[in-house]
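Each chain, letter by letter, is given below.
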Amino acid sequence: MLPHPFKVILFALSLLVGADAKAGSCLHIQAPEGPYGIQLQGSLVDGKPYAAVGSASIHQSTFTLQLTASEGGSIIKRTILGTVSVVDCELNLAGTGVDLGFVLKGQITERGKEIFVTAIQSAQPIVASGTMRPRLLRRCSNNTLKGTFTYISQGFDRVGTGTNVQWAPIGKIGDEKFDGKGCSVYKESIKQGTSFSEAEGPLKYRVLEDCTFELLDQGMPAFLGVIVDNGQVMPYLKLVDGAVHLGEYTRINSSSTPLNCP
Amino acid sequence: MKTNTRLSLLLMALSLGASNPVLAKCSPGELRGLFGLTTQALGSAGIEGTTLSLFDFKNNNSVEEIYYVNTGGASWKSTATGNFSVSADCHLTLEVKDSGGTLYALKGRINPMNKLVNVLQTQPNNADVSLGVMRPVGLKRCNRNRFMGRYGFLSQGRVPLKNNPLTLVPESRLGWFIAEDAQLEQPIEWVNTNGVITKTPPTQIPSETLESCLIDLGQGGFAGVIVERGHRALYMDLAEGSYRLGTMLKVR
């Protein structure tokens, strides 16, 4: 139980915050600073699906965004530089120089938490939205990725070629254990068309110091992810040509399990 | 000494939380009460439908659902009842039927740490792929005080181009509003319709928070559900052919 004076102070503070929110003020929200992870999903204006993950480094009024996207099944990596502004909880990351015309517009609702974002590109228009979350870790290693996570992913696989291209939707939910040493084991349920299946198996992984990570399939990067929110959440993108899949891991625990990746 | 004792207790608590595998186990009573869910049905043409559901998980493993569907150029509200089970390894199986006997089946994975449930619709006669994250309401019932204050919002989906339901184009909307007694004051909204950016003028939208924790916005224009004790709300567009889902987050 809190002593009575503390209760009074907390009550007064809650009234102040409530009044502030009701008035629509956003004065207590500060501009983002430091490393962030980004996930976007949507489509190109020609109807092809689009998904992306990335990491942004924000320092005062400038940003650097490393973005990896699957644009209609083609994997494209970009580095975007620009300026940052925040007015009344509205965030603008605006590309400069060769990146002029790229804007990531956001709505901040709570300091240090997820920010809603939507991407605007004048050169190649897209409709893609998602979230931007603070990394809250200075650096990462394989040991950062230790524990059990649930995940959910959805997207499309390109089927056919030329003018006969179609997009087959796919959805997955599953669990994945990471041993903190570069080996993971997943178990998932898959819905694709009318078929429903289960799959499981090991995957090697490597985590880079910038808190991005790759899941490897036969030594080749098959998924790219970014560790955010102090290791609690990890959006990821499938890197295989013809796939447009975006997923998100959520941590269940940090327990270490010995795993064997052949 | 006092600091060391506190530090030891903190480290012990952290190590228990971090390593105890029991925390990853689920009991049959893991899901109780109200949960909100939105799903988008993906077909070969993109998003072909949306749903918004409020599930009430009962003690006897029965479940009641109030849901909205928008697909095939029509939207409607209905109810369904059925059963669910939760396995020790936190897997959810759920089946409900509406009054016409139509089956809706979900498979889910519960995160016991935050009660979020990743769900995948499983009935084999449906070629669409529907999935989403079910979130706890965290309340037994709601009143209008649970949906008050300033919220940021983001929505995305496919909408009719120039009100033609035969031509759907992608659209996203980003902005904020203040929820008051019976309406939303929305000063700004950025709209990206098929790559064309517009900014809407300030607008007012009637809103009603129901005791069930569902929200009616725009007098039947949108359906919403309050989750996470009012910190977040999920919503869907009910306009004909407008398959668009959104999330609102309270500014705090």
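Before any of the text, the structure's been laid out above.
A short tour of the structure in this document, coming up.

How each quantity is defined
- Residues numbered from 1 in each chain as written.
- Chains lettered and ligands numbered in written order.
- Predicted model: local features only at pLDDT ≥ 70, side-chain atom pairs only at ≥ 80, totals over all residues.
- Heavy atoms only, no water.
- Helix = DSSP H or I, 4+ residues; strand = E, 2+ residues; numbered from the N terminus.
- Buried < 20%, exposed > 50% of the residue type's maximum accessible area, 1.4 Å probe, protein only.
- Contact = heavy atoms within 4.5 Å.
- Pairing = 2+ DSSP bridges.
- Axes fitted to C-alpha atoms, helices over the stretch in contact; angles between N-to-C directions.
- Buried area = accessible area lost by both parts, 1.4 Å probe.
- Salt bridge = Lys/Arg side-chain N within 4 Å of Asp/Glu carboxyl O.
- Nonpolar A, V, L, I, M, F, W, Y, C, P; charged D, E, K, R; others polar.
- Disulfide = S-S within 2.5 Å.
- Polar contact = N/O pair within 3.5 Å; in protein donor to acceptor, adjacent residues only side chain to side chain.

1. Examining the overall build of chain B
Phase 1: Along its length, chain B carries one helix and 17 strands.
Phase 2: The principal-axis extents of the C-alpha atoms in chain B amount to approximately 70 × 45 × 35 Å.
Phase 3: By the burial criterion, 52% of the 252 residues in chain B qualify as buried.
Phase 4: For chain B, the proportion of contacts with a sequence separation of at least 24, taken over those separated by at least 6, is 45%.

2. What about the sheet that holds strand β9 (residues 146-159) of chain A?
All names here are of chain A.
Phase 1: Ordered in space as β9-β10-β11-β12-β13-β14-β15-β16, the eight strands form a closed barrel in which the pairing is antiparallel. The average undirected angle you get between the axes of adjacent strands in this sheet is 30 degrees.
Phase 2: The sheet contact formed by β9 and strand β16 (residues 243-253) spans 10 bridges and is antiparallel. Directly across from glycine 155, in β16, lies its bridge partner histidine 245.

3. Structural notes on the interface of chain A and chain B
Phase 1: On the side of chain B, 58 residues touch chain A, which itself brings 62 residues to the contact.
Phase 2: Summed over both partners, the interface of chain A with chain B buries about 4,600 Å², with 62% contributed by carbon and sulfur atoms.
Phase 3: Our count for the contact surface shared by chain A and chain B stands at five salt bridges.
Phase 4: Ionic pairing is found between Arg232(B) and Glu114(A), a salt bridge with its closest N-O pair at 2.7 Å.
Phase 5: Its residues assigned to classes, the side of chain A that touches chain B comprises 26 nonpolar, 25 polar and 11 charged.

4. Looking at the state of the cysteines
Phase 1: Taken as a whole and assessed by the stated rule, the structure comprises four disulfides over all chains.
Phase 2: With its sulfur 2.0 Å from that of its partner, Cys183(A) forms a disulfide with Cys261(A). An S-S torsion of about 90 degrees defines the bridge between Cys183(A) and Cys261(A) as right-handed. A residue pair is termed long-range when its members are at least 10 positions apart, and Cys183(A) in strand β11 (residues 183-192) and Cys261(A) in the segment after β16 qualify at 78 residues.
Phase 3: Residue class for Cys261(A) comes out buried when judged on its relative accessible area of 16%.
Phase 4: Here Cys26(B) connects covalently by a disulfide to Cys90(B), the sulfurs 2.1 Å from one another. Classification of the bridge connecting Cys26(B) and Cys90(B) rests on its S-S torsion, roughly 100 degrees, and on that basis the disulfide is right-handed. With Cys26(B) in the loop between α1 (2-19) and β1 (33-43) and Cys90(B) in the loop between β4 (74-86) and β5 (91-98), the pair connects residues that are 64 residues apart, well separated along the chain.

5. Some thoughts on the sheet that holds strand β7 (residues 115-121) of chain A
Residues and elements named next belong to chain A.
Phase 1: Within the closed barrel, the eight strands sit side by side as β1-β2-β3-β4-β5-β6-β7-β8. Their pairing is antiparallel. Across the sheet, the mean angle from the axis of one strand to that of its neighbour is 25 degrees, orientation sign disregarded.
Phase 2: Where strand β2 (residues 49-59) and strand β3 (residues 62-71) come together, 10 bridges link them in antiparallel fashion. Looking at the pairing, valine 53 lines up with threonine 68 of β3.

6. A look at the side chain of Glu110(A)
Phase 1: Residue position: Glu110(A) is located in the loop between β6 (102-108) and β7.
Phase 2: Taking relative accessible area as the criterion, Glu110(A) reaches 16% and is therefore assigned buried.
Phase 3: Of the polar contacts made by the side chain of Glu110(A), one reaches the side chain of Arg252(B); its length is 3.2 Å.
Phase 4: Apart from the residues lying within four places of it in its own chain, the contact partners of Glu110(A) are Ile29(A), His231(B) and Arg252(B).

7. A short note on the environment of Leu234(B)
Residues and elements named next belong to chain B.
Phase 1: Position of leucine 234 relative to the elements: it lies in strand β16 (residues 232-237).
Phase 2: Separated by 15 residues in sequence, leucine 234 and leucine 249 have C-alpha atoms that sit 9.0 Å apart.
Phase 3: Ignoring sequence-local partners within four residues, the contact set of leucine 234 consists of Gly36, Leu37, Thr38, Leu52, Arg135, Ala223, Gly224, Val225, Val227, Gly246 and Thr247.

8. A closer look at the side chain of Glu189(B)
Residues and elements named next belong to chain B.
Phase 1: Position of glutamate 189 among the secondary structure elements: in strand β11 (residues 183-193).
Phase 2: Looking at glutamate 189, its side chain comes within polar contact range of the side chain of arginine 173, at 2.9 Å.
Phase 3: Polar contacts involving the side chain of glutamate 189 include one to the side chain of glutamine 186, which spans 3.4 Å.
Phase 4: The residues contacting glutamate 189, other than those within four sequence positions of it, are Phe153, Arg173, Leu174, Gly175, Thr198, Lys199 and Thr200.

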